[in-house]
Amino acid sequence: MDMEQIQNNPTDPLVTIWSKKWAILIFILIATGTAAVGSSFLPKKYEAKSTVLVSIPKNQIGSLSVSSYKDLVMTSGILQGVIDRLIPNHPNIKNSLFPKILEGMISIETDDAKELRSLLMSFRVRGQNPLLIRDIANTLANLLSEVSGQIKKNKIKNIADTTNTLFMEIKTKLNETEKNLNTIRADNRLTSLLAELFSMKDRLSVFNYQLTLLEVELNAESSKFAAYKETKSKLSEFMKKDLIRTEIRVKTLLAKKKLLTEFIKQLKKKIPLLKNKTMAMALKEKQIKRKAIALEEHLLMISNKAIEARIAEAEKTSDIKLISKAIEPHFPVSPNRLQIILTTLVLSLVVGMSAALAKEHLDTARQNTKK
């Protein structure tokens, strides 16, 4: 038989299905009945839910992040803590419930909060014992709240201890710096040296002024003495005496000029040296003073942190607040017998129809082959 002969004997699906309707119906009834009976033997599972509010304060001192709390719930320490608290009321779980098993029973749901500082977190617990899963959900919420408070308390204590230690270290450094500054000020005698420098500058100005006047007077006396010497033979007795006085005066003014010049020379030499010395001392004192100011600012910042830590310690509470307790469930969430029966019904119908069509197609193919 060739392909043309097969195509000339097409199978009508509706006719085939209708002709096999009783066989399909019996198959559907058997499959659906088996599913209905089998689902009644499946263990019933219940679900309990508790809800907490995770709220992170603005200062965040001692607080975990919101995502950290989600991770904390599923740690073996928390899960074992829940089991330990349940054992007195449910002693039969001692050898049957372990952290890994408990982790599979718990699912966590969170709201889509836009604020990252707070969100609602729900703990859904599934199991066969309604009382046990209720207690698991509530114990988990309570334990997480306690652990949150303890973590916050420990962190605040560590921050406070570290801050206090740092505060004392900086305070000691500040006291040492201030003591060093006072010692340097006492050793430098900067104030007296500055007063001496100003005095030298004043004396230099006075000596320069006196030297100017002296030179004017010396020039006048020198000119007078020179005029007397040119006409010495013609001078009267009075003028001769005046000549002698002028000569003595010129010598005195020259000696005074020499002395003033020497004083001015010494002052011009001492003033720059003293000025450099006072500048170096002032710079050293300024550097130490800047260090002291920086330490004071750091001390103030640490002091503010210590105040914040003390306030947070005084207000220390858990970031977790119980919003809704879990209640004992009375209706199982699985198995869903109706869903199982309907699913089996649809699948058995599809399988039955497919089997009928396949069988008809094979029968037709055999008959055409024989021909």
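Here's what I pulled together on the structure shown here.

Conventions used here
- Residues numbered from 1 in each chain as written.
- Predicted model: local features only at pLDDT ≥ 70, side-chain atom pairs only at ≥ 80, totals over all residues.
- Heavy atoms only, no water.
- Helix = DSSP H or I, 4+ residues; strand = E, 2+ residues; numbered from the N terminus.
- Expected span 1.5 Å × (residues − 1).
- Buried < 20%, exposed > 50% of the residue type's maximum accessible area, 1.4 Å probe, protein only.
- Contact = heavy atoms within 4.5 Å.
- Phe/Tyr/Trp six-rings, centres within 6.5 Å; stacked < 30°, edge-to-face > 60°.
- Core = buried A, V, L, I, M, F, W, Y, C linked by side-chain atoms within 4.5 Å.

## Notes on helix H8 (residues 190-230)
Then, in step 1: Look at H8: 58 Å from first C-alpha to last across 41 residues, which is about the 60 Å you get at 1.5 Å a residue.
Then, in step 2: Every buried residue of H8 is listed here: Leu190, Leu193, Leu197, Met200, Leu204, Phe207, Leu211, Leu214, Leu218, Glu221, Phe225 and Tyr228.

## Thoughts on the environment of Leu193
Then, in step 1: Note on placement: Leu193 falls in helix H8.
Then, in step 2: Residue class for Leu193 comes out buried when judged on its relative accessible area of 5%.
Then, in step 3: Between the alpha carbons of Leu193 and Lys277 there is a distance of 8.9 Å; along the sequence they are 84 residues apart.
Then, in step 4: The contacts of Leu193, once residues within four sequence positions are left out, are Asn188, Leu274, Lys277, Thr278 and Met281.

## Description of the packing of aromatic side chains
Then, in step 1: If you walk through the whole model with that rule in mind, you get one aromatic pair.
Then, in step 2: Plain terms: the ring middles of Phe207 and Phe263 are 5.6 Å apart, the flat faces sit at 25° to each other, and that makes the pair stacked. Taken together, the positions of Phe207 in helix H8 and Phe263 in helix H9 (residues 237-314) put the pair 56 residues apart, joining distant regions of the chain.
Then, in step 3: Owing to a relative accessible area of 34%, Phe263 belongs among the partly exposed residues under this scheme.

## Some remarks on the nonpolar core
Then, in step 1: Among the nonpolar cores identified, the biggest contains 31 residues, and Leu102, Met121, Phe123 and Ile136 are the most heavily contacted of them.
Then, in step 2: Elements that contribute at least two residues to this core include exactly strand E1 (46-55), helix H4 (66-73), helix H5 (76-86), helix H6 (99-105), strand E3 (118-127) and helix H7 (130-188).
Then, in step 3: Looking at which element gives the most residues to this core, the answer is H7, with eight residues.
Then, in step 4: Those residues within four positions of Phe123 in sequence are excluded, and the remaining contacts are Ala48, Lys49, Ser50, Val52, Val73, Ser107, Ile108, Ala137, Leu140, Ala141 and Leu144.

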